[in-house]
Amino acid sequence: MNWPDLSMGGYGFYVWGSYIFSLIAIVWELWSLSHRKKAIVQQQQLSRSVPASVLRESANETTS
Amino acid sequence: MNIYKYASPATFYPVAGKMIPWFAIPSAILFAVGLFVGFFVAPTDFQQGDAYRIIFIHVPAAWMAMLLYVLMAIYAGIGWTFNARLASMMASAIAITGAMFTVLSLVTGALWGKPTWGTYWAWDARMTSTLILLFLYIGFISLQAAIDDPRRADRAGAVLALVGVINVPIIYFSVQWWNTLHQGATIRILGKPSIAAPMLAAMLIMLAACWLYSVAVVLIRLRCIILEREQNASRFAEVGV
């Protein structure tokens, strides 16, 4: 097993920069997915609280 | 067993939920193993020093960017041809992950280019065609977001995805067709790879990790899209509109 030099032979900025950027991108994707799912659940709860008559009215407005 | 029943978003939704851990957990394990092999087992390159270790994220990201685009175009094409809603939803679910891997390949490529070529960016064939791939992904995502009717959005997106798929072989063969700054293929389908075995192992493990990650994330996003598209329809159906 070779213990890597943390400075990466003077290329630390480029090597660690690549991996840190990749980590940020993956974390952002997972966070945005969890945020999206939460928003959907909230919207579902809101939709269930809307009375049927209001929904019918809104459907008539969009179709007429 | 009728496998066609899984073409229905409502039927596929719980199946996708059950599949996610089977991809997400091995993906996390393979990322850890790949990074371990890449940083602790693979030796320092005699020409590039440790800067070459960017390869373990750059090459898998670039391959995933191309592969996901082809998959997105296939699903979009199936959705368009057979009017299959789930296939169109799958194409939409793939797009963001594909765009993310394209950004990763461009950024890590730029960070690798500076110490090896002396520049972050050059308008050479490989880099320019990869940038075009990113624009195609952004175009697909924007087009779908701009059209309110999901069916019309799917059709418009499918046209763009299918036209843009011509860019994938251009990216792949660009280093052979044109005289580019970018190095040639490290791994060939036929023939011996041009890198040491531990380097190749780390790269392939990271590729498998990225692939499993993509499947897990696409399935999570697909479930979100199914909920978004179907919830309004089911709620309106409930109240008889």
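This text gives an overview of the structure that appears in the document.

Cut-off values and rules
- Residues numbered from 1 in each chain as written.
- Chains lettered and ligands numbered in written order.
- Predicted model: local features only at pLDDT ≥ 70, side-chain atom pairs only at ≥ 80, totals over all residues.
- Heavy atoms only, no water.
- Phe/Tyr/Trp six-rings, centres within 6.5 Å; stacked < 30°, edge-to-face > 60°.
- Helix = DSSP H or I, 4+ residues; strand = E, 2+ residues; numbered from the N terminus.
- Buried < 20%, exposed > 50% of the residue type's maximum accessible area, 1.4 Å probe, protein only.
- Salt bridge = Lys/Arg side-chain N within 4 Å of Asp/Glu carboxyl O.
- Contact = heavy atoms within 4.5 Å.

A few words on the packing of aromatic side chains. One pass over the full model with this rule turns up 12 aromatic pairs over all chains. Here the aromatic rings of Trp16(A) and Phe39(B) are separated by 5.2 Å at their centres, their planes lie at 10 degrees, and the arrangement is stacked. With Trp16(A) in helix α1 (residues 12-49) and Phe39(B) in helix α1 (residues 9-41), the pair connects residues from two separate chains. For Trp16(A), a relative accessible area of 29% gives the class partly exposed. A ring pair is formed by Phe101(B) and Tyr213(B), whose centres lie 6.2 Å apart and whose planes are at 85 degrees; its orientation type is edge-to-face. A residue pair is termed long-range when its members are at least 10 positions apart, and Phe101(B) in helix α3 (residues 85-117) and Tyr213(B) in helix α7 (residues 197-238) qualify at 112 residues. For the pair Phe101(B) and Tyr213(B), one class covers both residues: buried.

Here we take up the pattern of salt bridges. Where charged atoms from two side chains of opposite charge come close, those side chains can pair. Tallying each qualifying case throughout the model produces five salt bridges over all chains. Glu29(A) serves as the salt-bridge partner of Arg221(B), at 2.8 Å between the closest nitrogen and oxygen. On the criterion of chain membership, the pair formed by Arg221(B) in helix α7 and Glu29(A) in helix α1 is interchain, its members lying in two chains. Exposure class is identical for Arg221(B) and Glu29(A). Each is buried.

Moving on, we come to the interface of chain B and chain A. On the chain A side, the residues contacting the 41 residues of chain B number 35 residues. Our count for the chain B to chain A interface comes out at two salt bridges. Across the salt bridge formed by Glu228(B) and Arg36(A), the nearest N and O atoms sit 2.9 Å from each other. Only α1, α2 (55-82), α3 and α7 of chain B provide two or more residues apiece to the side of chain B that touches chain A.

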